[in-house]
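# Remarks on the overall topology
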Amino acid sequence: MSPDLTLVLGGAASGKSVFAEELVVSQGKSRVYLATSQVFDDEMRQKIERHLEQRGDGWTTVEEPFDPGPILATLSPDQICLIDCATMWLSNHLLAETDLEAAQTALLDALRACPAQIVIVSNEVGHGIVPDNALARRFREAQGRLNIALAAQADLVVQITAGLPLVLKGQMP
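These remarks concern the structure in this document. Every chain begins its residue count from 1, and numbering advances along the sequence as written. In keeping with the model being predicted, local features are shown solely for residues with a pLDDT of at least 70 and side-chain atom pairs are shown and tallied solely at 80 or more, while totals for entire chains, interfaces and linings include all residues. To obtain the side-chain values, all non-hydrogen atoms of the structure were used and water was disregarded.

### Focus: the environment of P65
In plain terms, the rule: Strands are runs of DSSP state E lasting at least two residues, helices are runs of H or I lasting at least four, and both sets are numbered from the N terminus onward. Here's how the labels work: a residue is buried when its accessible area is under 20% of the maximum for its type, exposed when over 50%, partly exposed in between, all with a 1.4 Å probe on protein chains only. Contact criterion: two residues are considered in contact whenever any of their non-hydrogen atoms come within 4.5 Å of each other.
Structurally, P65 is set in the loop between β3 (59-63) and α3 (69-73). According to the relative accessible area criterion, P65 is buried, its value standing at 18%. Note: C-alpha distance between P65 and L94 (29 residues apart in sequence) is 12 Å. Apart from residues no more than four positions distant in its own chain, P65 is found in contact with A35, T36, Q38, W89 and N92.

### Observations concerning the nonpolar core
Just so we agree on the cut-off: Nonpolar cores are built from buried Ala, Val, Leu, Ile, Met, Phe, Trp, Tyr and Cys residues. Side-chain atoms within 4.5 Å join them into one set.
Grouped together as the largest cluster of nonpolar side chains are 31 residues, with contacts concentrated most on L72, I83, L111 and L150. Every element with two or more residues in this core is listed here: β1 (5-10), β2 (30-35), α3, β4 (79-84), α4 (86-96), α5 (100-113), β5 (117-123) and α6 (134-153). Residue contributions to this core peak at six residues, all from α5. Here L72 is in contact with L34, C81, I83, A110, L111, C114, P115 and I118, once residues within four sequence places are set aside. Counting residues in hydrophobic clusters, the runner-up holds 16 residues, among them V8, V24, C85 and V158.

### Some points on the packing of helix α1 (residues 16-26) against helix α2 (residues 42-55)
Note the following rule: Axis definition: a line fitted to C-alpha atoms, over the contacting stretch in the case of helices. Angles run 0 to 180 degrees between N-to-C directions. The handedness criterion is simple: a crossing whose near helix is rotated anticlockwise from the far helix by less than a right angle is left-handed, and one whose near helix is rotated clockwise is right-handed. Under this grouping Gly is polar, as are all residues other than the nonpolar Ala, Val, Leu, Ile, Met, Phe, Trp, Tyr, Cys and Pro and the charged Asp, Glu, Lys and Arg.
Put simply, α1 and α2 touch, their axes get as near as 11 Å, and they point 35° apart. The chirality of how α1 crosses α2 is right-handed. Taken together, the residues of α2 that come into contact with α1 (itself represented by S17, V18 and E21) are H51, Q54 and R55. Considered class by class, the residues forming the contact of α1 with α2 number one nonpolar, three polar and two charged.

Now the structure itself:
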């Protein structure tokens, strides 16, 4: 049986998105890619282009940087949705100075209510040094709390390091 909610964690450039994409494709369902990033510069534009090329055809891509709930509510049980990524979603809210607790509650409720299978990618940011500025420290703390909440709700949690998966919770399908 496939998990309803899978959390894929990893550091920057750890292989977490590639792993998540392969996991989604392996399920044989209609694929939806929910992109949370916003394009503010050429570097981000190039990263998105690389992700699109790497993913290939067969995906319906939806961009939603703030509120995935309405999109998730339209999905059906014969679909699988990859949300890439929770870290960009959180960054969007942090920079927009929205109520992070309310946004996180809404996200978790939307994930719980979604009839489709979901794989969500998130960065593990707690392995580094304490950041030297207040915004970075606030982000690190908020990301840690979000990851804890996502992991608690997830059926499967996989940590990716150097492209290698380590199952932290549940069983791989």
